[in-house]
Amino acid sequence: RRAGAQVLFKAGNSAEALRLLASVPKAKGGGAEATAAAEDVALWYYSQKDWQLCRQAYDSMKQRALNARDRGRARVGIGRCLRNMGQVEAMEKTYGALRADTTDAETAARGAWELAREYKALGRFEDSEAALGYYIDHFPYGEDILKALELRGVIRLILNRPNEAEVDFKALLRRANRTAE
């Protein structure tokens, strides 16, 4: 059904694709397929910039998720919808809760990274620097560590702190060289 829905989306028949995806949870009784279908719906609404329906789809995904990683992806999606709906405080709360999640380190790291990125996008550079510091200190082997070091260096340049930025850029080069070896 998900594959059929993808074909329908590409053919421009989104109404039928969404109907088909909505039937997945009923047909499969929930589980991984239902979680993936809810995420497909959320991503489609996101592409259409329908933030309210996108958030509802991510809420559905979160409820159906069988593991912390899928719940974390749903929560990241919810945070992005909240940002796009202008609900910055709710977004901060969502990402803050993700960052504090101790059940899955990858989910916690994602929350810290997303919060830092959103603060930067909002022009809240000192908050972004603090969130990046949290990421770098708590997730030194996280998948976004190189991007976090680079972004914190750039933000420190924006904040007119070139010496601190230099420290980040040197750390970035050391880590990048180790990764290349």
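A brief look at the structure comes next. Because the structure is a prediction, the values reported are computed rather than measured.

### Digging into the packing of aromatic side chains
The relation between two aromatic rings is expressed through the spacing of the ring centres and the mutual angle of the planes.
And step 1. Scanning the model with the defined rule gives five aromatic pairs in all.
And step 2. With a centroid separation of 5.3 Å and 70 degrees between ring planes, the pair formed by Trp44 and Tyr45 is classed as edge-to-face.
And step 3. Three or more aromatic residues joined by ring pairs make a cluster, and in this case those are Trp113, Tyr134, Tyr135 and Phe139.
And step 4. When the ring centre of Tyr134 is taken as origin, the NZ or CZ atom of Arg99, which lies over that ring, is 4.0 Å away.

### Things to note about the pattern of salt bridges
And step 1. Per the stated rule, a full pass over the model turns up 21 salt bridges.
And step 2. Across the salt bridge formed by Arg110 and Glu114, the nearest N and O atoms sit 3.5 Å from each other. Within this pair, Arg110 and its partner Glu114 are both found in helix 8 (residues 105-121), separated by four residues, close to a single helical turn.
And step 3. A residue is classified by how much of its surface remains accessible, and Glu114, at 1% relative accessible area, is buried.
And step 4. A salt bridge links Glu166 to Lys170; the nearest nitrogen and oxygen atoms lie 3.2 Å apart. Of this pair, Glu166 and Lys170 both sit in helix 11 (residues 162-180), separated by four residues, roughly a single helical turn.
And step 5. Accessibility expressed as a relative area gives 39% for Glu166, which makes it partly exposed.

### Observations concerning the state of the cysteines
And step 1. Per the counting criterion, the structure on display carries zero disulfides.
And step 2. Cys54 takes part in no disulfide bond, and the closest cysteine sulfur, belonging to Cys81, lies 3.1 Å away.
And step 3. We classify Cys54 as buried; its relative accessible area is 0%.
And step 4. The buried category is assigned to Cys81, whose relative accessible area is 0%.

### Here's the deal with the layout of surface pockets
And step 1. A volume near 290 Å³ is recorded for the largest pocket.
And step 2. Taken together, 19 residues make up the lining of the largest pocket; nearest its centre are Gly72, Arg73, Val76, Glu106 and Arg110.
And step 3. Sorting the residues of the lining of the largest pocket by element identifies helix 4 (32-47), helix 6 (68-84) and helix 8 as the ones contributing at least two each.

### Brief notes about the environment of Thr35
And step 1. Relative to the assigned elements, Thr35 resides in helix 4.
And step 2. A relative accessible area of 2% places Thr35 in the buried class.
And step 3. Ignoring any residue separated from it by four or fewer positions in sequence, one finds Thr35 in contact with Met61, Arg64, Ala65, Leu66 and Asp70.
And step 4. At 3.1 Å, the side chain of Thr35 and the backbone oxygen of Arg64 are in polar contact.

### Section: the nonpolar core
And step 1. Counting residues in hydrophobic clusters, the biggest one holds 36 residues, and the most contacted among them are Tyr58, Leu132 and Tyr135.
And step 2. Contributing elements (two or more residues each) for this core: helix 4, helix 5 (51-64), helix 6, helix 7 (88-99), helix 8, helix 9 (125-138), helix 10 (145-158) and helix 11.
And step 3. It is helix 8 that provides the largest number of residues to this core, a total of seven residues.

### Re unusual backbone geometry
Trans is the prevailing form of peptide bonds, just as negative phi is the prevailing case for residues other than glycine.
And step 1. Look at Lys49: it is not a glycine, yet its phi comes out positive at around 60 degrees.
And step 2. Tracing the sequence through the fold places Lys49 in the loop between helix 4 and helix 5.
And step 3. For Asn160, which is not glycine, the phi dihedral falls at a positive 60 degrees.
And step 4. Tracing the backbone through its elements, the reader meets Asn160 in the loop between helix 10 and helix 11.

Procedures and definitions
Residues numbered from 1 in each chain as written. Predicted model: local features only at pLDDT ≥ 70, side-chain atom pairs only at ≥ 80, totals over all residues. Heavy atoms only, no water. Phe/Tyr/Trp six-rings, centres within 6.5 Å; stacked < 30°, edge-to-face > 60°. Lys NZ or Arg CZ within 6 Å of the ring centre and 35° of its normal. Salt bridge = Lys/Arg side-chain N within 4 Å of Asp/Glu carboxyl O. Helix = DSSP H or I, 4+ residues; strand = E, 2+ residues; numbered from the N terminus. Buried < 20%, exposed > 50% of the residue type's maximum accessible area, 1.4 Å probe, protein only. Disulfide = S-S within 2.5 Å. 1 Å grid on protein atoms, 1.4 Å probe; cavity = no way out; pocket = protein on both sides within 12 Å on 5 of 7 lines; lining within 4 Å. Points joined across faces, edges and corners; volume = space filled by probe spheres on them. Contact = heavy atoms within 4.5 Å. Polar contact = N/O pair within 3.5 Å; in protein donor to acceptor, adjacent residues only side chain to side chain. Core = buried A, V, L, I, M, F, W, Y, C linked by side-chain atoms within 4.5 Å.

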